[in-house]
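Take a look at the letters that make up each chain.
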Amino acid sequence: MVPSDVQAVLEEFAARIDALAPASGPPLTVAVSLSPAAAEALAEALRSYHDPRDHGRCGSCDTGLVDETFTCTSCGQPAGLFGQLVRERLARHRAD
Ligand SMILES: [Zn+2]
């Protein structure tokens with residue numbers, strides 16, 4: 001692993017977290033020295049991290065993120081199996 005690999009992993013992680021907390025404040029700049037083993041471990045830890053605010057992507061529009069109410073923040077559709085049940089029930093309700 002070379003420094004540009006570590007930087008790419010950090011930037012991918014930051015982008016993933018920033019999508020979940022877009023108004024968290026101005027970016028911080030840090031400089032650290034890592035051994036190759038520590039860099040590998042850090043990269044693996046960041047790749048496997050799952051943020052509790054991350055409820056996945058919307059299956060309807062494929063671009064939006066799903067919030068804690070399982071509603072897409074982009075298109076407003078309820079997501080997943082729950083969303084499918086809501087849409088089916090709403091369609092039945094409208095047909096009545
Ligand atoms: Zn959506």
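Per chain, the residues get numbers from 1 upward, laid out in the order the sequence is written. Per-residue local features are limited, in this predicted model, to residues with pLDDT of at least 70; the limit for side-chain atom pairs, both in listing and counting, is 80 or more; totals at the level of whole chains, interfaces and linings are taken over all residues. Think of the side-chain values as coming from all heavy atoms in the structure, minus any hydrogens and water.

Metal donors were taken as nitrogen, oxygen and sulfur atoms no farther than 2.8 Å from the ion, or 3.2 Å where the ion is Na, K or Ca. Water is excluded, so coordination may look unfinished. Protein-derived ligands of the zinc ion are Cys-58 (SG), Cys-61 (SG), Cys-72 (SG) and Cys-75 (SG), with the metal-ligand distances lying across 2.3 Å. For the zinc ion, the four donor atoms in the first shell make angles of 105 to 119 degrees at the metal, so the coordination geometry reads as tetrahedral. For the zinc ion, all donor residues lie on one chain, and their spacing in sequence is C-x2-C-x10-C-x2-C. Note that Cys-61 is positioned in the loop between helix 2 (36-48) and helix 3 (80-95) and Cys-72 in the loop between helix 2 and helix 3, a separation of eleven residues in sequence. We call a residue buried when its accessible area falls under 20% of the maximum for its residue type, exposed when it is over 50%, and partly exposed in between, using a 1.4 Å probe and counting protein chains only. Cys-61 sits in the partly exposed class, given a relative accessible area of 26%. Between 85 and 135 degrees for all angles marks four donors as tetrahedral; over 155 degrees for opposite donors together with 65 to 115 for all other angles marks four donors as square planar and six as octahedral; every other arrangement is irregular. Helical segments are the DSSP runs of H or I of at least four residues, strand segments are the runs of E of at least two, and each set is numbered from the N terminus.

Packed helix pairs are characterised by how far apart their axes lie and by the angle those axes make with each other. Following both chains from N to C, one finds helix 1 (residues 3-20) and helix 2 inclined at 25 degrees, their axes separated by 10 Å at the closest point. With respect to each other, helix 1 and helix 2 are oriented roughly parallel. Once helix 1 is placed against helix 2, the crossing between them reads as left-handed. Within the contact between the two elements, helix 1 uses Val-6, Val-9, Leu-10, Phe-13 and Arg-16 and helix 2 uses Ala-39, Leu-42, Ala-43, Leu-46 and Arg-47. Charged residues are taken to be Asp, Glu, Lys and Arg, nonpolar residues to be Ala, Val, Leu, Ile, Met, Phe, Trp, Tyr, Cys and Pro, and polar residues to be all remaining types, Gly included. Looking at side-chain class alone, the contact of helix 1 with helix 2 contains eight nonpolar, no polar and two charged residues. In this analysis an axis means a line fitted to C-alpha atoms, helices contributing only their contacting stretch, and an angle means the value between N-to-C directions, from 0 to 180 degrees. Note on angle classes: values under 35 degrees are labelled roughly parallel, values over 145 roughly antiparallel, values of 65 to 115 roughly perpendicular, and the remainder oblique. Handedness of each helix crossing follows the sense of rotation of the near helix against the far helix: counterclockwise by less than a right angle gives left-handed, clockwise gives right-handed. Contact definition: two residues touch when any of their heavy atoms are within 4.5 Å.

What follows is about the confidence of the model for the chain. Every residue gets a pLDDT, meaning the predictor's confidence in that residue, from 0 to 100. Mean pLDDT over the chain: 90, with 100% of residues reaching 70 or higher. The secondary-structure element of the chain with the lowest mean pLDDT is helix 3, recorded at 85, while helix 2 shows the highest, at 96.

So, about helix 2. Relative to the 18 Å expected for 13 residues at 1.5 Å per residue, helix 2 spans 18 Å between its end C-alpha atoms, a close match to the ideal helical length. Here helix 2 has its buried residues at Ala-39, Ala-43 and Leu-46. The buried residues of helix 2 occupy an angular sector of 70 degrees when the element is viewed end-on, so they sit on one face. Facing away from the buried side of helix 2, by more than 90 degrees, are the exposed residues Ala-37 and Ser-48. Here a helix's expected span is defined as the number of its residues, less one, multiplied by 1.5 Å. The directions from the helix axis to the C-beta atoms are what the arc is built from.

A separate point is the pattern of salt bridges. A pairing counts as a salt bridge when a side-chain nitrogen of Lys or Arg comes within 4 Å of a carboxyl oxygen of Asp or Glu. For the structure shown, the criterion picks out three salt bridges. Among the ionic pairs, Arg-47 bridges to Glu-44, the shortest N-O distance being 4.0 Å. Of this pair, Arg-47 and Glu-44 both sit in helix 2, three residues apart, which is roughly one turn of that helix. Judged by its relative accessible area of 46%, Arg-47 falls in the partly exposed class.

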